[in-house]
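# Overview (structure and organization)
The residues making up each chain are set out below.
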Amino acid sequence: MARPASVVVHDVTVYTPEGWRSGHEVVVRDGVVAALRAGPEDAGLPRVDGGGGYLIPGLVNTHTHLQQAVLRGTGEGLPLLEWLRCVGEHTVAATPEQSYLSALAGGLELLRSGVTTVVEHLWPTPSDAVHAAVIRALDELGIRVVLGRGVADRADITRRWGLDPRLMQPLDDALAHVGELDRRLAGTRITTALAVPNPRCLTPEGMAAVGEYAAATGKTVSIHVLETTTDEEMCRTHAGVGAVDYLDAGGLLGPRTLAVHCVHLDAAGRSRFAERGVTVSYNPVSNMRLGSGVAPVPEMLAAGIPVTLGVDGAASNDTQDMLLSLRLGAYLQRAAHRKADLLGFADMLHMATGAAGRVLGRAAHTGVAVGDPADLVLLRFDRDFACLPVHDPGATLLTTASPRVIDSVWVAGEAVIRDGRSTRVDADELTRRLISM
């Protein structure tokens, strides 16, 4: 069981809700930020020398599929539905051992790019052994996880109006399994959520059941929405309404709904999302890779919709590098809108941290603050000459930083990455096992 830790990180420039503070130290007691102060003071705690680096809050990746970390490059060049069927074959055939190694590799890559919290969207599967394997890997890494357990109740082998029937199980059984996982995960850094593949995979009755369960348990519901035009076309063909209206009528839009992608969310949909309090997960690298389009992020923000940042699965990205998503998330919007002053560092860091607060039920501000969980990232730009000299640390992080500059990562005050390497997992042994797959 992971235990909160206490430590003082000194000689750092800290990013707080008020901006950068140089020459500071951060005091962590029992996994919580207890103080930010200028100059050293004996706190009777272990001290870590930040070496003049930069300390930021841990990044929150609001969407991925860690089982895909061993499927990099799969289906390259295929349109979304064909790509889904290709990846689906691998998902059906996934073994617990493969799932374990994939989650371990993908999760470690996330940590090494500064992610301390990940929303994992597991595809529905009736296999408890696969769930257990993924959980074992993530627990070993020490990362904070919101584990979306896949749910669906409409089957269709074509994936156009339902889920691959080989991955189906009765919805009541899937929801009961969520409760069982909650009991197993008590005391860990892993909590559960509900993961819906897309609007096409739930009947109106299924939506009602999922919505009622989520409301009763306070769980986040993660769902792919309008990644391409397929959701809209299929909902209109089979249900006579668009995708947003279909979900809304089923009671599945609310403050704990995390709508993923939303590339084709129109003005009416944005208005409905804002009214219902829905949060969006923006996945720019995946959207580019699969040719899905450019999500209307400035328009969503203008409508009052919280927009968060995700990397998506490694079969559609093909990395778990959050810093790459941070950079390209800004650049893609600048190119689409032909504006160089769009989505700067502060905007993108909020998207990658505090914007997820409401949908995940946590603090919504951006920056290291007293009282917050001590999920922290130490950046050492001197680890990579491509980041030097540093004229503006925020600009450097956004425009040039890579996982090479991630020196240390703390989750609940525990150093799970130190000097760029995991303190819990033997990366060399993991590499050997991945090569031999």
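Above this text is the structure in question.
The structure reproduced in this document is the subject of the present report. (Residues numbered from 1 in each chain as written. Predicted model: local features only at pLDDT ≥ 70, side-chain atom pairs only at ≥ 80, totals over all residues. Heavy atoms only, no water.)

## A word on the overall build of the chain
Counting secondary structure elements, the chain contains 15 helices and 16 strands. With the C-alpha coordinates of the chain rotated into their principal frame, the extents come out at 65 × 45 × 40 Å. Split into buried and exposed, the 437 residues of the chain put 60% on the buried side. Looking at the chain as shown, the accessible area adds up to about 16,000 Å², and 53% of this sits on carbon and sulfur atoms. (Helix = DSSP H or I, 4+ residues; strand = E, 2+ residues; numbered from the N terminus. Buried < 20%, exposed > 50% of the residue type's maximum accessible area, 1.4 Å probe, protein only. Areas by Shrake-Rupley, 256 points an atom, 1.4 Å probe, with all protein chains shown as cover.)

## Some words on the layout of surface pockets
Of the voids in this model, the largest pocket is the one considered here, and its volume is about 540 Å³. Forming the walls of the largest pocket are 35 residues, and the residues nearest its centre are Thr117, Arg144, Arg362, Pro373 and Asp375. Where the lining of the largest pocket is concerned, the elements lending two or more residues are strand S7 (144-150), strand S8 (190-196) and helix H13 (357-360). The element that contributes the greatest number of residues to the lining of the largest pocket is S8, accounting for four residues. Across the lining of the largest pocket, the residue classes tally to 14 nonpolar, 14 polar and seven charged. (1 Å grid on protein atoms, 1.4 Å probe; cavity = no way out; pocket = protein on both sides within 12 Å on 5 of 7 lines; lining within 4 Å. Points joined across faces, edges and corners; volume = space filled by probe spheres on them. Nonpolar A, V, L, I, M, F, W, Y, C, P; charged D, E, K, R; others polar.)

## Topic: helix H1 (residues 80-93)
Taking 1.5 Å of rise per residue, 14 residues should cover 20 Å, and H1 covers 20 Å from first to last C-alpha, within 8% of that figure. Taken together, the buried positions of H1 are Leu80, Leu81, Trp83, Leu84, Val87, Gly88 and Thr91. Tucked inside the fold, the buried residues of H1 contact helix H6 (230-239) and helix H9 (284-289). (Expected span 1.5 Å × (residues − 1). Contact = heavy atoms within 4.5 Å.)

## Some words on the sheet that holds S7
Picture the strands of a sheet paired through backbone hydrogen bonds; they go either parallel or antiparallel. The eight strands lie next to each other as S5-S6-S7-S8-S9-S10-S11-S12, forming an open sheet whose pairing is parallel. The sheet is open, and its two edges are formed by strand S5 (59-64) and strand S12 (307-309), each paired on a single side. Strand after strand, the sheet turns through a mean of 25° between neighbouring axes, direction not considered. In this sheet, strand S11 (residues 279-282) lies alongside strand S10 (residues 257-261) in parallel orientation, the contact comprising three bridges. Pairing of valine 260 across the sheet is with serine 281, part of S11. (Pairing = 2+ DSSP bridges. Axes fitted to C-alpha atoms, helices over the stretch in contact; angles between N-to-C directions.)

## Quick notes on empty space enclosed by the protein
Gaps left between atoms show up when a probe the size of a water molecule is rolled over them. Within the structure shown, the criterion is met by five cavities of 30 Å³ or more. Looking at the largest cavity, its volume works out to about 170 Å³. Contributing to the lining of the largest cavity are 21 residues, with Leu80, Leu84, Trp123, His224 and Glu227 lying nearest its centre. Only H1, strand S9 (221-225) and H6 provide two or more residues apiece to the lining of the largest cavity. Looking at the lining of the largest cavity element by element, the count peaks at three residues for H1. Among the residues forming the lining of the largest cavity, the class breakdown is eight nonpolar, nine polar and four charged. Sorting the residues of the lining of the second largest cavity by element identifies H1 and strand S6 (115-121) as the ones contributing at least two each. Tallying contributions element by element places H1 first for the lining of the second largest cavity, with three residues. Partitioned by chemical class, the residues of the lining of the second largest cavity number five nonpolar, seven polar and one charged.

## Describing the packing of helix H2 (residues 96-111) against helix H15 (residues 427-435)
Packing of H2 against H15 leaves a shortest axis separation of 11 Å and a crossing angle of 135°. Between H2 and H15, the interaxial angle falls into the category oblique. The hand of the H2/H15 crossing is left-handed. When H2 is examined against H15, the residues Glu97, Tyr100, Leu101, Leu104, Ala105 and Leu108 are found in contact with a partner set consisting of Ala427, Leu430, Arg433 and Leu434. Here the contact of H2 with H15 is composed, by residue class, of eight nonpolar, no polar and two charged. (Parallel < 35°, antiparallel > 145°, perpendicular 65-115°, else oblique. Left-handed = near helix turned anticlockwise from the far one by under 90°.)

## Brief notes about the pairing of S7
Within S7, six of the seven residues are buried, which leaves it mostly tucked inside the rest of the structure. This β-α-β element, S6 to helix H3 (residues 128-141) to S7, shows right-handed connectivity. Both S7 and S8 contribute to a ladder of six bridges, which runs parallel. Residue arginine 149 lies in a different strand from S8, and its bridge partner there is leucine 194. For the segment spanning S7, helix H4 (residues 171-185) and S8, crossover handedness is right-handed. (Right-handed = clockwise from strand over helix to strand, strands pointing away.)

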